[in-house]
Each structure stands twice: as structure tokens, then as C-alpha cells.
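Geometric and topological summary
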Amino acid sequence: IYVTDANGACLYANARWWEMASMTMQDALGSGWLEGVHPEDRERVAACWAQTVQAAGSWGLEYRFQTPDGKVTWVYGLATPHTDRAGKVTKYVGINWDITERKQSSEKIQNLLIEQKAILDSGIVGIVRLKDRKYAWANEVFAEMLGYTPQELVGQSTRIVYASDEAHAAFAALAYPAMQRGEIFRTEYQYQCKNGVFRWFEVSGGM
């Protein structure tokens, strides 16, 4: 929790605020509080505060504190103006919520999505998604390996790459029990390409 004057100069901050910024109350007074803000965010935070004070409006922003030893705390800062009877702003009262855990989780998810996209778009690995033993999606590499386009494969039964109905059923009997147990199934197998030629592939799959 913190309190500023009508111009945004710090008048008070509680102990939790000092902890996040690693500052004393004396250091935070006036515009000194900005020294606790991450250097990369400092200009943006100062500009936003200046706009808020000029407009006599409310303030809300995500930014980072950084302590001298390098510890970073993500916060969402919110402040509302308090006015006198004439409607003139006399001070701002604000709260900083620690959102570090949420931001870290969001970054992890984003990184996973980037990694996943890199894998799916890979020019090396053929990747396919099946539903009811039909092609629901295939990347370009997988389709090209078999001589198809992804559009030609989608909706088709996987039977088209097996030599016979028996081979199709035998592969399912081998692979699906392992995958249903939560295992990754791996093997080498011959698939029939669009031109009728059989080629060997290293295959892995899971559910």
C-alpha cells in the first residue's frame, strides 16, 4: 500500500512495499520510489504516472520492482485519486499486487507454445495427429514423406499407408495398448507412399 500527494510524490508506503522495492521509507519519499522500479520499466512507469496526475484520473499498470541484488517482483499497481469537497485531487492511494507467480506461469506457457510451434513447423520431423485412426492433421514434412499434401491426408483412414487390412489391424494391436498405458510407442515400420513404393520410417506416438 502507498500514498502520494496530488503530484504523485510518495508520502507513505507500507512494509511490504519496502520489501518488494528493497528501499527504506526515507529513500522512497518524493520521486525516490522510482529507483525501486526495474530500470527497463522506469521510464514507462514515470510517464504513466505523469499522465495520470495530469488527467487527475486513476492509475493501473503492470511493471517490475528490482532490488539491488537483482530480485525481480512483478506487480500490478492500482491507484485512485482522493479529492476535497471542491473536487480537487489531494492525494492518491494505491495498492501493488504481487503477480510474479502468474507472470512466470504465463511465460512458461508461452515458451512451451513457442517450442511446440517450432516442433510442428519443423522441416525435419514428420508429425501427424490421428482421430479414430483417421488423419486429423499432418505437417508438411509428414505428408511429403508419403508423397501427399496435408490436405490430401486429412480425413483419410490411416489404412492407405498399410499393405493390407491385416497389417493395419496388426499395427493397432501392437501400438494402442502401449499408448493407452501412457507409454510412448516406438518402432520402425514400412509405410506405402502415394506412388505405391514402400519406405521405412522410424515411428513414435502417444496419447
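The rules we used
- Residues numbered from 1 in each chain as written.
- Predicted model: local features only at pLDDT ≥ 70, side-chain atom pairs only at ≥ 80, totals over all residues.
- Heavy atoms only, no water.
- Pairing = 2+ DSSP bridges.
- Helix = DSSP H or I, 4+ residues; strand = E, 2+ residues; numbered from the N terminus.
- Axes fitted to C-alpha atoms, helices over the stretch in contact; angles between N-to-C directions.
- Contact = heavy atoms within 4.5 Å.
- Salt bridge = Lys/Arg side-chain N within 4 Å of Asp/Glu carboxyl O.
- Buried < 20%, exposed > 50% of the residue type's maximum accessible area, 1.4 Å probe, protein only.

Some details on the sheet that holds strand S2 (residues 10-13)
Spatial strand order, S2-S1-S5-S4-S3: five strands in an open sheet with antiparallel pairing. The open sheet has two free edges, formed respectively by S2 and strand S3 (59-66), since each of these has just one partner strand. On average, each strand axis in the sheet is tilted by 25 degrees relative to the strand beside it, whichever way the strands run. Taken together, the nine bridges between strand S4 (residues 72-83) and strand S5 (residues 89-98) define a ladder with antiparallel strand orientation. Bridge pairing links Val 75 to Asp 98 in S5. Along the sheet, helix H3 (residues 39-55) makes contact with strand S1 (2-5), S3, S4 and S5, crossing S3 at roughly 155 degrees.

What about the pattern of salt bridges?
If charged atoms from side chains of opposite charge come close, those side chains can pair. All chains considered together, the criterion is met by 10 salt bridges. Residue Arg 64 pairs with Asp 41 through a salt bridge whose shortest N-O separation is 2.9 Å. In this pair, Arg 64 sits in strand S3 while Asp 41 sits in helix H3, placing the two residues 23 residues apart along the sequence. With respect to class, Arg 64 is no different from Asp 41; both count as buried. Among the ionic pairs, Asp 165 bridges to Arg 159, the shortest N-O distance being 2.5 Å. Put simply, Glu 40, Asp 41, Arg 44 and Arg 64 are held in one network by salt bridges that share partners.

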